[in-house]
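Chain and residue survey
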Amino acid sequence: MEYLYTLAILMALYVILAASFNFVIGYGGLISIAHPVFYAIGAYASALLARDAGWPIPLAIVAGALVALLASILVAVPSVRISGDYLLIASIGFQLGVLEAIKNIGWTGGAGGLTNIPALLAPGSNHAIYVALTIAVAIATVVLLRWISRGPYGRAMSAMRDDELAFAALGRNALAMKVAIFALGSGLAGLAGGLYAHYFRFLAPGQFDILQSAALLTMVVVGGLRSTWGPILGAIVLEALPQAITFLDLPPSLLGPLQGILFTGLVLIFMFARPQGLIPAGDIWRGRKAMATDARRA
Amino acid sequence: MPAGLEVRGLCKRFGGIVVADAMELDLAPGRIVGLIGPNGAGKTSFFNLVTGVVRPDGGRVSLDGRALTGLHIHQRARLGLSRTWQNLRLFPSLSVLDNLLIGARVYPGESLPALIAGPGRLRRAEAADRTQALDILERMGLAGVAHTDVASVPFGQQKLVGVARALMNEPRCLLLDEPMAGVEGHAYEAIQDVVRRLAARGIAVCVVEHNVAFIRDLCDEGVFMFAGKVLARGSVEDLIADPRLTELYFGT
Ligand SMILES: Nc1ncnc2c1ncn2[C@@H]1O[C@H](COP(=O)(O)OP(=O)(O)OP(=O)(O)O)[C@@H](O)[C@H]1O
Ligand SMILES: [Mg+2]
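Rules of the game
Residues numbered from 1 in each chain as written. Chains lettered and ligands numbered in written order. Predicted model: local features only at pLDDT ≥ 70, side-chain atom pairs only at ≥ 80, totals over all residues. Heavy atoms only, no water. Near = heavy atom within 4 Å. Polar contact = N/O pair within 3.5 Å; in protein donor to acceptor, adjacent residues only side chain to side chain. Areas by Shrake-Rupley, 256 points an atom, 1.4 Å probe, with all protein chains shown as cover. Helix = DSSP H or I, 4+ residues; strand = E, 2+ residues; numbered from the N terminus. Contact = heavy atoms within 4.5 Å. Buried area = accessible area lost by both parts, 1.4 Å probe. Salt bridge = Lys/Arg side-chain N within 4 Å of Asp/Glu carboxyl O. Nonpolar A, V, L, I, M, F, W, Y, C, P; charged D, E, K, R; others polar. Donors = N, O, S within 2.8 Å, 3.2 Å for Na, K, Ca; no water. Pairing = 2+ DSSP bridges. Axes fitted to C-alpha atoms, helices over the stretch in contact; angles between N-to-C directions. Domains from an automatic or database assignment.

Time to look at the site of ligand 1. All names here are of chain B. Inspection of the region around ligand 1 gives 14 residues, with Asn39, Lys43, Thr44, Ser45 and His210 positioned closest. Here an oxygen atom of ligand 1 sits 2.8 Å away from a polar atom, N or O, in the side chain of Thr44. The contact in question runs from an oxygen atom of ligand 1 to an N or O atom on the side chain of His210, over 2.8 Å. Here ligand 1 loses 64% of its free accessible area of 640 Å² to cover by the protein chains. Those elements giving two or more residues to the shell around ligand 1 turn out to be β2 (17-27) and α1 (43-51). Counting residues per element, the shell around ligand 1 draws most heavily on α1, which supplies three residues.

Turning our eyes to something else, we now look at the interface of chain B and chain A. Frequently, the measure chosen for interface size is the accessible area removed from exposure when the parts meet. Each side of the interface is counted separately: chain B has 36 residues, and chain A has 34 residues. The junction of chain B with chain A conceals about 3,300 Å² of combined surface from both sides, 63% of it contributed by carbon and sulfur atoms. Connecting chain B to chain A are five salt bridges. A salt bridge links Asp149 of chain B to Arg286 of chain A, with the nearest nitrogen and oxygen atoms 3.6 Å apart. Across the contact surface, chain B and chain A share 14 residue pairs in polar contact (both at pLDDT 80 or more). Elements represented by at least two residues in the side of chain B that touches chain A include exactly α2 (73-78), α3 (96-101), α4 (112-117) and α5 (119-139) of chain B. Of the residues belonging to the side of chain B that touches chain A, the class tally is 19 nonpolar, eight polar and nine charged.

Here we come to the coordination of the magnesium ion (ligand 2). Looking at the metal site, the magnesium ion (ligand 2) is ligated by Thr44 of chain B (OG1) and Gln86 of chain B (OE1), spaced 1.9 to 2.2 Å from it. Of the two residues, Thr44 of chain B is situated in helix α1 and Gln86 of chain B in the loop between β6 (81-83) and α3; the sequence distance between them amounts to 42 residues.

Residue and element names in this part refer to chain B. Strand order across the open sheet formed by six strands is β6-β7-β8-β3-β9-β10, with mixed pairing between neighbours. Two strands bound the open sheet, and with one partner strand each, they are β6 and β10 (229-234). The average angle at which neighbouring strand axes cross in this sheet is 20°, direction not considered. Direction of pairing for strand β3 (residues 32-36) relative to strand β9 (residues 221-226): parallel, over a ladder of four bridges.

Residues and elements named next belong to chain B. With respect to topology, four strands assemble into an open sheet ordered β2-β1-β4-β5, the strand pairing being antiparallel. On the outer flanks of this sheet lie β2 and β5 (66-67), each paired with one strand and no other. By the bridge criterion, five bridges tie strand β1 (residues 5-14) to strand β4 (residues 58-63) in an arrangement that is antiparallel. Bridging from a neighbouring strand, Arg8 pairs with Arg60 of β4. Against the sheet, α1 touches β1, β2 and β4, its axis set at about 115° to β1.

Residue and element names in this part refer to chain B. In terms of domain boundaries, chain B breaks down into domain 1 (1-80 + 171-252) and domain 2 (95-168). For domain 1 versus domain 2, the distance between C-alpha centres works out to 26 Å. Listed as interface residues are 20 residues of domain 1 and, on the opposing side, eleven residues of domain 2. Counting the surface lost from both domain 1 and domain 2, the interface buries some 1,300 Å², and carbon and sulfur atoms represent 66% of this. Area buried by domain 1 at its contact with domain 2 is led by Arg78, Pro171 and Val194, which between them contribute 34% of it. Viewed at the interface, domain 2 and domain 1 are joined by one salt bridge. For Arg78, the salt bridge identified is with Glu110, shortest N-O distance 3.0 Å. The interface formed by domain 1 and domain 2 includes four residue pairs in polar contact (both at pLDDT 80 or more). At the level of elements, α2, β7 (173-177) and α7 (186-200) are the ones that each hand at least two residues to the side of domain 1 that touches domain 2. Residue contributions to the side of domain 1 that touches domain 2 peak at seven residues, all from α7. Residues that form the side of domain 1 that touches domain 2 fall into these classes: 13 nonpolar, three polar and four charged.

As structure tokens, this is what we get:
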């Protein structure tokens, strides 16, 4: 039972990560694969604030999200000015740098990992509460991002992706928008990090490396870039399937490679059979109800 | 305080090509100026320099007495500088109406913090923009395609959408780059009509166009440009009658 709780919590956290990553790369059109580093920053900041500074855990989780958000602004402001590709390079550099720093600093637990992170749940309480909490946060995240992308901001994001120069010449501040999109997405990843830290109570830098980046990218792309349900489905399927085969009672020496093969196989199947993702988004931006009202009036 | 657009000593070269050679040009409020000259004279470059798309090597540009030098593209637009593009640059993933909504001088939904803090206020601002956009579309004969994807309306109508989108800014100065190229019939009157209305409200307009008849019908005066310089300014009739300019224009 506890195993199923763990799986459900991981799925909910990956829904937050995939949805927020989709916001950054799909809707914002920002080329970055460093999403896990903001997940790491949120997790470590929250864990350390609660463990070493004695902050109340809920406050530490929110603060961790804000630290991730601020860090992402520091990465984005200088890079989006130069050109789109520079953000990719700057953010990967940032990801490698932060993970390297975590490995080498004493108070982060180093390469061996950060232990004794205080748990949000009191000992002996029902773990289903934590499942409900993470699912609630995941739903709130998806609803918030969907609301943003279907309103005036979403229209502007579409226009910016279509033609940034024409967009700017109409008085729109594309740089500010890119920074804001990157910051919101990264802040949500940080929130997922805090939720992770205070349940699993152990963090190691290897959990947030470039393989995580690949996994997240896969979830979003296999699920369907710029669709609401795509990344959710991608996160659940790609998190569940490799876990599900652990029930097969295979020896660990077989299990690891099998999970890898399954993951890669799924990606390959989708790349060829359904390049637009499980749930493809339309090419045309459709806002919510206001459009329908206009259509009736016209 | 000088009103309208003032350009002084504007210089720009791309390698060996001089696109602005100490260019001087004033656009007065309420006047429609036709900018003519052969291909490669630097007309589009002039728009790019004024709107901030291309950074000049030197010179000054001001709008209604406010220096534009050093401002970003979007900051200039917010001061009331509006333009169209020779190659249209519409937003293909949006409907005609949504293309226009992006062009409002102040776009209600642009700030994520403001959006999250006060969705109600934004909804009201957006409603006002919709009314304005539908109004402009109506005036230009585009009301019927307001909700059509812009990529699927005919080219002639797309050109009109480009002009309509530039009007959403309620500009102080409007720069039109070849609005008639590839367009015929109804668009001719529609564009002439909206441009005249704008000028009557005191807006400075500059039109780049190879269609001389269109320029002659519409503009109060003409400016002849060649190799990044203003060679002559006067009535359009006089400019096209000048054999020296005609020779430069047709490159004989
Ligand atoms: N970004 C650029 N880099 C290099 N050369 C450029 C650039 N922009 C314009 N040019 C060159 O500058 C010259 C002037 O171009 P511009 O587009 O301003 O001419 P134009 O008067 O608008 O011509 P047309 O009537 O054909 O539109 C051309 O030779 C063009 O190739
Ligand atoms: Mg041109």
